[in-house]
Amino acid sequence: QVQLVESGGGLVQAGGSLRLSCVTSGSISSRNAMGWYRQAPGKQRELVAFITSGGVTDYAGSVKGRFTISRDNAKNTVYLQMNSLKPQDTAVYYCNAGYYTGSYYPYQYWGQGTQVTVSS
């Protein structure tokens with residue numbers, strides 16, 4: 001059974017930092033690409049960042065230069081370091097497993113999400 005468990009969300013002031021973690025188990029392996037999505041109230045879920053099995057990364061334009069995705073395959077963990085946070089980064093953040101063939105494609109494996117709230 002596939003499981004993804006996110007943690008690290010919270011309330012932070014604008015300009016602050018948070019690091020999200022996602023621990024995976026089950027059939028998810030280091031060969032999977034992994035992504036972080038977010039969903040703000042009343043908005044669609046959007047891809048924030050992904051990392052391939054080979055370490056290739058890409059980011060949404062709104063977070064590029066502020067967020068960094070990384071993975072530790074020995075710990076089955078994916079991280080999202082978020083710096084210079086803005087109120088518009090407020091959302092529930094979800095970890096996802098997927099695959100990469102020039103673009104990132106999500107499998108329907110999702111964590112429960114972790115709330116990030118940035119106050120102005």
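Everything below is about the structure shown above.
All values derive from a computational prediction rather than experimental measurement.

Trainee: Can you help me understand the overall build of the protein chain in this one?
Mentor: Looking only at helices and strands, the protein chain features zero helices and eleven strands. Counted from the first residue to the last, the protein chain has its helices and strands arranged as β-β-β-β-β-β-β-β-β-β-β. Taken against the 2.2 N^0.38 rule, which gives 14 Å for 120 residues, the C-alpha radius of gyration of the protein chain at 13 Å falls within 12% of a compact globule. Projected onto its principal axes, the C-alpha positions of the protein chain cover 40 × 30 × 25 Å.

Trainee: Could you clarify how one ought to interpret a nonpolar patch on the surface in this entry?
Mentor: A cluster of nonpolar side chains, namely Tyr 99, Tyr 105, Tyr 107 and Tyr 109, defines an oily patch on the protein surface of about 370 Å² accessible area. Per-element accounting of the nonpolar patch gives the leading share, three residues, to strand 10 (residues 104-110). By relative accessible area, Tyr 105 is classed as partly exposed at 37%.

Trainee: Looking at this model, I keep getting lost on the nonpolar core. Mind explaining?
Mentor: Among soluble globular proteins, nonpolar side chains are generally buried collectively. Among the nonpolar cores identified, the biggest contains 27 residues, and Met 34, Trp 36, Phe 67, Ile 69, Leu 80, Met 82 and Tyr 93 are the most heavily contacted of them. Those elements that place two or more of their residues in this core are strand 3 (18-25), strand 4 (33-39), strand 5 (46-51), strand 7 (67-72), strand 8 (77-82), strand 9 (91-100) and strand 11 (114-119). Top contributing element to this core by residue count: strand 9, with four residues.

Trainee: What's the story with the pattern of salt bridges in this structure? I'm lost.
Mentor: Pairing between side chains of opposite charge can happen when their charged atoms approach one another. The tally for this structure, following the rule as stated, stands at four salt bridges. Residue Asp 89 is joined to Arg 38 by a salt bridge in which the shortest nitrogen-to-oxygen separation is 2.9 Å. Of the two residues, Asp 89 sits in the loop between strand 8 and strand 9 while Arg 38 sits in strand 4, which places them 51 residues apart along the sequence. According to the relative accessible area criterion, Asp 89 is buried, its value standing at 1%. The partner of Lys 64 in a salt bridge is Asp 58, and the shortest N-O contact between them spans 3.8 Å. Residues joined in a network through salt bridges with shared partners are Arg 38, Glu 46, Arg 66 and Asp 89.

Trainee: Which parts of the structure should I look at to understand the sheet that holds strand 1 (residues 3-7)?
Mentor: Across the sheet, four strands lie side by side as 1-3-8-7; this open sheet has antiparallel pairing. Strands at the two margins of the open sheet, each flanked by one partner only, are strand 1 and strand 7. Strand-to-strand twist in this sheet, taken as the mean axis angle between neighbours without regard to direction, amounts to 15°. One ladder, built from six bridges, connects strand 7 with strand 8; its direction is antiparallel. In the strand pairing of strand 8, Phe 67 is matched with Met 82.

Cut-offs and rules
Residues numbered from 1 in each chain as written. Predicted model: local features only at pLDDT ≥ 70, side-chain atom pairs only at ≥ 80, totals over all residues. Heavy atoms only, no water. Helix = DSSP H or I, 4+ residues; strand = E, 2+ residues; numbered from the N terminus. Rg over C-alpha atoms; globule rule 2.2 N^0.38 Å. Patch = residues over 30% accessible without salt bridge, like charges linked within 9 Å, V, L, I, M, F, W, Y side chains within 5 Å. Areas by Shrake-Rupley, 256 points an atom, 1.4 Å probe, with all protein chains shown as cover. Salt bridge = Lys/Arg side-chain N within 4 Å of Asp/Glu carboxyl O. Buried < 20%, exposed > 50% of the residue type's maximum accessible area, 1.4 Å probe, protein only. Core = buried A, V, L, I, M, F, W, Y, C linked by side-chain atoms within 4.5 Å. Pairing = 2+ DSSP bridges. Axes fitted to C-alpha atoms, helices over the stretch in contact; angles between N-to-C directions.

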